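Observations on the three-dimensional arrangement
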Amino acid sequence: MKNSLILVLASFIILFSCKSKKEVALPETEITTELSADSLRNNVKEKLPQYDSYSLRARVSTETKNESQNFTLNLRTKRDSIIWASITGPLGVEAARVLITSDTVKVIDRLNRKYTQKPFKFLETFVPFSVDINLLADLLAGNVFMDNSDDRWESSHDERYHRLKSQSPYIESYYWVEPGNFLIHHSSMIDLVSNRGMTVEMKDFQIVQNNHIAFGRKFEFPENGLKIDFNLNRITFDEDLTFPFRVSDNYERVE
């Protein structure tokens, strides 16, 4: 179960029937006009999800060199505050419950009746960049765009996509952007210090409550061979949410 919980936590970095849902047609137009980096960044940012809270349900598959797993993820989050998740196995039995705040990660292992608590930075074990709770919530909502005005930005294009590159002293990121609707099709990022990287492919975009959401996502972490397929069943925004999390006195606490 320890390996299972590690994979579950990794899937957070990479990190769902919907209200007002409709598919987004992706253009097949050849690009003939070069956009400046600032213009392309602004167009991309206009299409990013906007929310104070959201709730989602997804089917998740994880694969490593040694094992593969499938589970259902129910997740709720409130900006600046909390991320809550329930993980159920193929038979519908809850295997784990997770509560993440700005400084703590708490995990209840239902199957083995155990409980563990880690500092938030524990999540950075699995990803090639520093994260805070809002960045983590954005990733889970389908926003892989890390916009930092202090980075050095460059734009280019090929026949199919606009391309954005950002570079800071520590992180180098690339984004392939659909022409016309300016949705990110895929991205890659690498930590220049640790040389760890992550690639993300986005597909099946649909509009939910005026937000453009990728219902299909594929994350790959080349250094450890971890692959995650993330397929949304539903997602809703800005509703009243609860975050139930109670640890039984009979559960063993483990470090």
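Here is what the cut-offs are and how they apply
Residues numbered from 1 in each chain as written. Predicted model: local features only at pLDDT ≥ 70, side-chain atom pairs only at ≥ 80, totals over all residues. Heavy atoms only, no water. Pairing = 2+ DSSP bridges. Helix = DSSP H or I, 4+ residues; strand = E, 2+ residues; numbered from the N terminus. Phe/Tyr/Trp six-rings, centres within 6.5 Å; stacked < 30°, edge-to-face > 60°. Buried < 20%, exposed > 50% of the residue type's maximum accessible area, 1.4 Å probe, protein only. Lys NZ or Arg CZ within 6 Å of the ring centre and 35° of its normal. Polar contact = N/O pair within 3.5 Å; in protein donor to acceptor, adjacent residues only side chain to side chain. 1 Å grid on protein atoms, 1.4 Å probe; cavity = no way out; pocket = protein on both sides within 12 Å on 5 of 7 lines; lining within 4 Å. Points joined across faces, edges and corners; volume = space filled by probe spheres on them. Nonpolar A, V, L, I, M, F, W, Y, C, P; charged D, E, K, R; others polar. Patch = residues over 30% accessible without salt bridge, like charges linked within 9 Å, V, L, I, M, F, W, Y side chains within 5 Å. Areas by Shrake-Rupley, 256 points an atom, 1.4 Å probe, with all protein chains shown as cover. Salt bridge = Lys/Arg side-chain N within 4 Å of Asp/Glu carboxyl O. Contact = heavy atoms within 4.5 Å. Core = buried A, V, L, I, M, F, W, Y, C linked by side-chain atoms within 4.5 Å. Arc of directions from axis to C-beta.

It is worth spelling out the pairing of strand β12 (residues 197-208) at this point. Sheet topology note: the strand β11 (residues 184-191)/β12 ladder contains five bridges and is antiparallel. Directly across from Ser188, in β12, lies its bridge partner Thr199. Where β11 hands over to β12, the hairpin turn is made up of five residues, of which Asn195 adopts a positive phi near 65°. Across nine bridges, β12 lies against strand β13 (residues 211-221) in antiparallel orientation. Looking at β13, one finds that Val200 is bridged to Phe219. Between β12 and the antiparallel strand that follows it, β13, lie two residues; Gln209 among them carries a positive phi value of about 50°.

A word on the packing of aromatic side chains. Summed over all chains, the structure comprises seven aromatic pairs. When the ring of Phe219 is compared with that of Phe230, the centres are 6.5 Å apart and the planes differ by 85°; the resulting orientation is edge-to-face. You can see Phe219 sitting in strand β13 and its partner Phe230 sitting in strand β14 (residues 226-237), a full 11 residues away along the chain. In this pair, the class of Phe219 matches that of Phe230, namely buried. Members of the aromatic cluster, each reached through a chain of ring pairs, are Tyr51, Tyr54 and Phe237. Cation over ring: Arg76 sits above Trp84, and NZ or CZ is 4.3 Å from the ring centre. The positively charged end of Arg79 is found above the aromatic ring belonging to Tyr51, 4.4 Å away from the centroid.

Quick look at helix α3 (residues 133-141) now. Since the α-helix packs 3.6 residues into each turn, any two residues three or four apart lie on the same face. Taken across its nine residues, α3 has nine buried, putting it largely inside the fold. The opening residue of α3 is Asp132, an N-cap whose side-chain oxygen sits 3.2 Å from the backbone nitrogen of Asn134. At the exit of α3 stands Gly142, carrying a positive phi of roughly 105°.

Taken as a whole, the largest cavity holds about 110 Å³ of empty space. If you trace the largest cavity, you find 14 residues lining it, with Lys47, Leu48, Gly142, Ile184 and Phe205 closest to the centre. Broken down by secondary-structure element, the contributors of at least two residues to the lining of the largest cavity are β12 and β13. The residue makeup of the lining of the largest cavity, split by class, is 10 nonpolar, three polar and one charged.

Let us now look at a nonpolar patch on the surface. A cluster of nonpolar side chains, contributed by Leu91, Val93 and Leu111, occupies part of the molecular surface with about 350 Å² of accessible area. Tracing the chain through its elements places Val93 in the loop between β4 (82-88) and β5 (94-100).

Topologically, Ser188 is positioned in strand β11. Judged by its relative accessible area of 17%, Ser188 is buried. Leave out the neighbours within four places in its chain, and Ser188 touches Glu172, Ser173, Tyr174, Trp176, Met198 and Thr199.

Before going further, it helps to examine the nonpolar core. Across soluble globular proteins, nonpolar side chains show a tendency to be buried alongside one another. The biggest cluster of nonpolar side chains holds 60 residues, and the ones touching the most others in it are Tyr54, Phe129 and Ile235. Those residues within four positions of Tyr54 in sequence are excluded, and the remaining contacts are Leu75, Arg76, Thr77, Ala137, Leu140, Ala141, Ile235, Thr236, Phe237, Asp238 and Leu241.

Looking only at helix α2 (residues 37-46), the buried set comprises Ala37, Leu40, Arg41 and Val44. In a view along the axis of α2, the buried residues occupy a sector of 100°, so they form one face of it. For α2, the elements touching its buried residues are β8 (152-157), β9 (162-167), β10 (171-177) and β11.

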